[in-house]
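Letter by letter, the chains look like this.
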Amino acid sequence: MDEQTPGTPSDAPAPQGPTLFDWEFATDPYPAYAWLREHSPVHRTRLPSGVEAWLVTRYADARQALADQRLSKNPAHHAEPAHAKGKTGIPGERKAELMTHLLNIDPPDHTRLRRLVSKAFTPRRVAEFTPRVQELTDHLIDGFAAKGEADLIHEFAFPLPIYAICEMLGVPREDQDDFRDWAGMMIRHGGGPRGGVARSVKQMRTYLGELIHRKRDDLGNDLISDLIRASDHGDHLTEAEATAMAFILLFAGFETTVNLIGNGVHSLFMNPDQRALLQDSLAAGESALLATGIEELLRYDGPVELATWRFATEPLTLGGQEVAAGDPVLVVLAAADRDPDRFADPDTLELSRTDNQHLGYGHGIHYCLGAPLARLEGQTALATLLTRLPDLELAIPPQELRWRGGLIMRGLRTLPVRFTPRNT
């Protein structure tokens, strides 16, 4: 007997699902995700790349899937060779020999590598970096404060995390603009020249390999040097592993923060009452609302829309659906974080929300290693912008904003703003 929606006559047509992954959807995916949560919480769909995958949209199912070790991160478990064709994962990473990073491996290799990398990427190192993040933030604002207008994506949200992670990694300052160019190509998601992303990945891989080789003879006080030093019971990162790890720390570390800052400012523009509360709190020298506020912005319109690829290693049941071995599974963090079964008034931005175990940085063994740095950069960026440019406002109608296409990340192409010019 076929399953039916309770109360629906047997001859009634099935509810018509929303259109996914077009430009209208990219602008505001949340109504479509609400429909999926209600009608098809684990939903089989064909992605724009042609790959068929399951979308997981309810919070409870998402949290389960993120921690389920039957869902492998290794694309070798995919039933089709889509990864080799660049249809899953990061374009060009296979050809650039960058597969041995934390987003593509499972225990025990994942356990070993994360333990080694965690020794280099410590909370203490992030805390020590706080003054430098503030310096970089102020320097970037100095660059446009006197103009009275700016594109906050290209002039602020994008360069801040690029320069920050470059400094943490130990990339010499004279080379950091090259990284900015490569990273810029990588976040265009098809908006640049054909093959541009793969070429940028290869260039970045070549550079990082050479930099690691040089640093082996001249270790410094930076993250790449710590990756080289990292050992556990005599177990060291190989040069290929260190290169892949440096690459993924940079790749995953910059785009999430670009979107955290851009989406966060946009959300505050669209919710002026919450923005006013935050500005009043900052003016009073308080930090509590900023701390809960950054978590709420991560939940409300976070930088990572879908968690990175997972592949079923055996048949399993998820949200009442039978998932076959080899099937790709994509956990929709943006949908789970607006699930009314988990969050009260989920479509309302409430910066003081404290019951907020959002999934914005994942869950389980693949929880984002760089989350403390992203939080630091997000808090510093928003607090400094709202303090130094208190009358900051959107320079175009909201409906004219364009969101970048792509599957995993959610972010604005541009964010034009205006404000009273200020001398630095």
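Residues numbered from 1 in each chain as written. Predicted model: local features only at pLDDT ≥ 70, side-chain atom pairs only at ≥ 80, totals over all residues. Heavy atoms only, no water.

### Concerning the environment of L359
Which entries qualify depends on this criterion: Helix and strand assignments follow DSSP, with helices taken as H or I runs no shorter than four residues and strands as E runs no shorter than two, numbered in order from the N terminus. Two residues form a contact once any of their heavy atoms are found within 4.5 Å.
In this structure, L359 sits in the loop between α15 (333–336) and α16 (371–388). Separated by 24 residues in sequence, L359 and A335 place their C-alpha atoms 10.0 Å apart. Not counting the four nearest positions on each side in its chain, L359 is found in contact with Y59, A62, R63, L66, L333, A336 and D337.

### A few points about the sheet that holds strand β11 (residues 393–394)
Put simply, the test is: The pairing criterion is simple: DSSP has to find at least two bridges between the two strands.
What the three strands build is an open sheet, ordered β4-β12-β11; its pairing is antiparallel. What marks the edges here is a single partner per strand, and that holds for β4 (149–151) and β11. Here β4 pairs with strand β12 (residues 416–418) via three bridges, running antiparallel. Considered in β12, the bridge of D151 is made with P416.

### Examining the pattern of salt bridges
Quick note on the threshold: By definition here, a salt bridge exists when the distance from a side-chain nitrogen of Lys or Arg to a carboxyl oxygen of Asp or Glu is within 4 Å. Exposure categories follow from relative accessible area, calculated using a 1.4 Å probe and restricted to protein chains: below 20% of the type maximum is buried, above 50% is exposed, and the middle band is partly exposed.
The tally for this structure, following the rule as stated, stands at 24 salt bridges. The partner of R70 in a salt bridge is D68, and the shortest N-O contact between them spans 2.8 Å. According to the relative accessible area criterion, D68 is buried, its value standing at 12%. Of the charged contacts in the structure, one is a salt bridge between R338 and D347, with a shortest N-O distance of 3.1 Å. Taking relative accessible area as the criterion, R338 reaches 7% and is therefore assigned buried. The partly exposed category is assigned to D347, whose relative accessible area is 49%.

### Re helix α2 (residues 30–39)
Regarding α2, the residues found buried are Y30, A32, Y33, W35, L36 and R37. Considering only its buried residues, α2 is in contact with α1 (23–27), β1 (42–46), β2 (52–56), α14 (288–301) and α15.

### Focus: the pairing of β2
Put simply, side chains in a regular strand alternate between the two faces of the sheet. When you tally the buried positions in β2, you get four out of five residues, the bulk of the element. Alignment of β1 against β2, held across five bridges, turns out to be antiparallel. The residue of β2 that forms the bridge with R44 is W54. Connecting β1 to the next strand, β2, in antiparallel fashion are five residues, including G50 with a positive phi near 100 degrees. Sheet topology note: the β2/strand β10 (residues 328–331) ladder contains three bridges and is parallel. Each bridged residue has a counterpart across the sheet, and for W54 the counterpart in β10 is V329.

### A look at the nonpolar core
The cut-off we apply is this: Residues grouped as a nonpolar core are buried Ala, Val, Leu, Ile, Met, Phe, Trp, Tyr and Cys residues, joined through side-chain atoms within 4.5 Å.
The biggest cluster of nonpolar side chains holds 89 residues, and the ones touching the most others in it are L152, F156, F179, V265 and L415. Considering every element that reaches this core, the biggest residue donor is helix α12 (residues 239–270), with 15 residues. Those residues in contact with V265 that lie beyond four places of it in its chain are L152, L382, L385, L392 and L415. By size, the runner-up hydrophobic cluster in this structure holds 41 residues, among which are L55, V56, A65 and A312.

### Looking at the sheet that holds strand β7 (residues 310–312)
Let me state the cut-off plainly: Inter-axis angles, ranging from 0 to 180 degrees, are taken between N-to-C directions of lines fitted to C-alpha atoms, where helices are fitted over the stretch in contact.
Spatially, the five strands line up as an open sheet ordered β1-β2-β10-β7-β3, and their pairing is mixed. The open sheet has two edge strands, β1 and β3 (71–72), and neither has a second partner. Helix α3 (residues 59–67) rests against β1, β2, β3, β7 and β10 of the sheet, and its axis sits at about 125 degrees to β10.

### Looking at the packing of aromatic side chains
Here is the rule: Between the rings of Phe, Tyr and Trp (Trp by its six-membered ring), a pair exists once the centres lie within 6.5 Å; its type follows the angle of the planes, with under 30 degrees stacked, over 60 edge-to-face, and the other angles tilted. To sit over a ring, a charge needs its Lys NZ or Arg CZ within 6 Å of the ring centre and within 35 degrees of the ring normal.
Applying the stated criterion to the full structure yields 10 aromatic pairs. When the centroid spacing of 6.2 Å and the interplanar angle of 75 degrees are considered together, the rings of F158 and F254 count as edge-to-face. Here F158 is found in the loop between α7 (152–157) and α8 (159–169), whereas its partner F254 is found in helix α12, with 96 residues between them in sequence. The two residues F158 and F254 agree in class, both being buried. Ring pairs connect the aromatic residues F21, F25 and Y33, which therefore count as one cluster. The ring centre of Y59 lies 5.5 Å from the NZ or CZ of R342, which sits over that ring. Between the NZ or CZ atom of R410 and the centre of the ring of W403, over which it lies, the distance is 3.8 Å.

### Notes on the environment of I408
For I408, the position within the fold is in the loop between β11 and β12. Judged by relative accessible area, which is 17%, I408 ranks as buried. Counting along the chain gives 76 residues from I408 to V332, while the straight-line C-alpha distance between them is 8.9 Å. Not counting chain neighbours up to four residues away, the residues in contact with I408 comprise V304, E305, L306, A307, T308, W309 and L330.

### Points about the side chain of T257
Applicable threshold: Contacts described as polar in this section are N or O atom pairs within 3.5 Å, which, within protein, must combine one atom able to donate a hydrogen with one able to accept it, while residues neighboring in sequence count only if both atoms come from side chains.
Following the sequence through the fold, T257 ends up in helix α12. Reaching out from T257, the side chain makes a polar contact with the side chain of E377 at a distance of 3.3 Å. With residues near it in sequence (within four places) discarded, T257 still touches P161, A374 and E377.

### Concerning helix α13 (residues 272–283)
Applicable threshold: By this rule the span expected of a helix is its residue count minus one, scaled by 1.5 Å. Here the arc refers to the set of directions running from the helix axis out to each C-beta atom.
Its 12 residues give α13 an end-to-end C-alpha distance of 16 Å, which sits within 8% of 16 Å, the value for a rise of 1.5 Å per residue. Along α13, the residues that are buried comprise Q274, R275, L278, Q279, S281 and L282. Each buried residue of α13 lies within a common arc of 160 degrees when the element is viewed along its axis, so the set occupies one face. Opposite its buried face, α13 presents the exposed residues P272, D280 and A283, each directed more than 90 degrees away. Where the residues of α13 are buried, they touch α12, α14 and α16. G285 sits one or two residues past α13 and shows a positive phi near 75 degrees.

### Thoughts on the packing of α12 against α16
Going by this rule: Put simply, angles under 35 degrees are roughly parallel, angles over 145 are roughly antiparallel, angles from 65 to 115 are roughly perpendicular, and the rest are oblique. By definition, any crossing whose near helix is turned counterclockwise from its far helix by less than a right angle is left-handed, and any crossing with a clockwise turn is right-handed. Classes in brief: Ala, Val, Leu, Ile, Met, Phe, Trp, Tyr, Cys and Pro nonpolar; Asp, Glu, Lys and Arg charged; the others, Gly included, polar.
Two numbers describe how α12 lies on α16: the axes approach to 9 Å, and their chain directions differ by 40 degrees. It follows from the interaxial angle that α12 and α16 lie oblique. Helix-helix and strand crossings are classified by hand; for α12 and α16 the assignment is right-handed. Counting all contacts with α12, which are made through T257, L260, I261, G264, V265 and L268, the residues of α16 involved are A374, E377, G378, A381, L382, L385 and L386. In terms of residue class, the contact of α12 with α16 is built from nine nonpolar, three polar and one charged.

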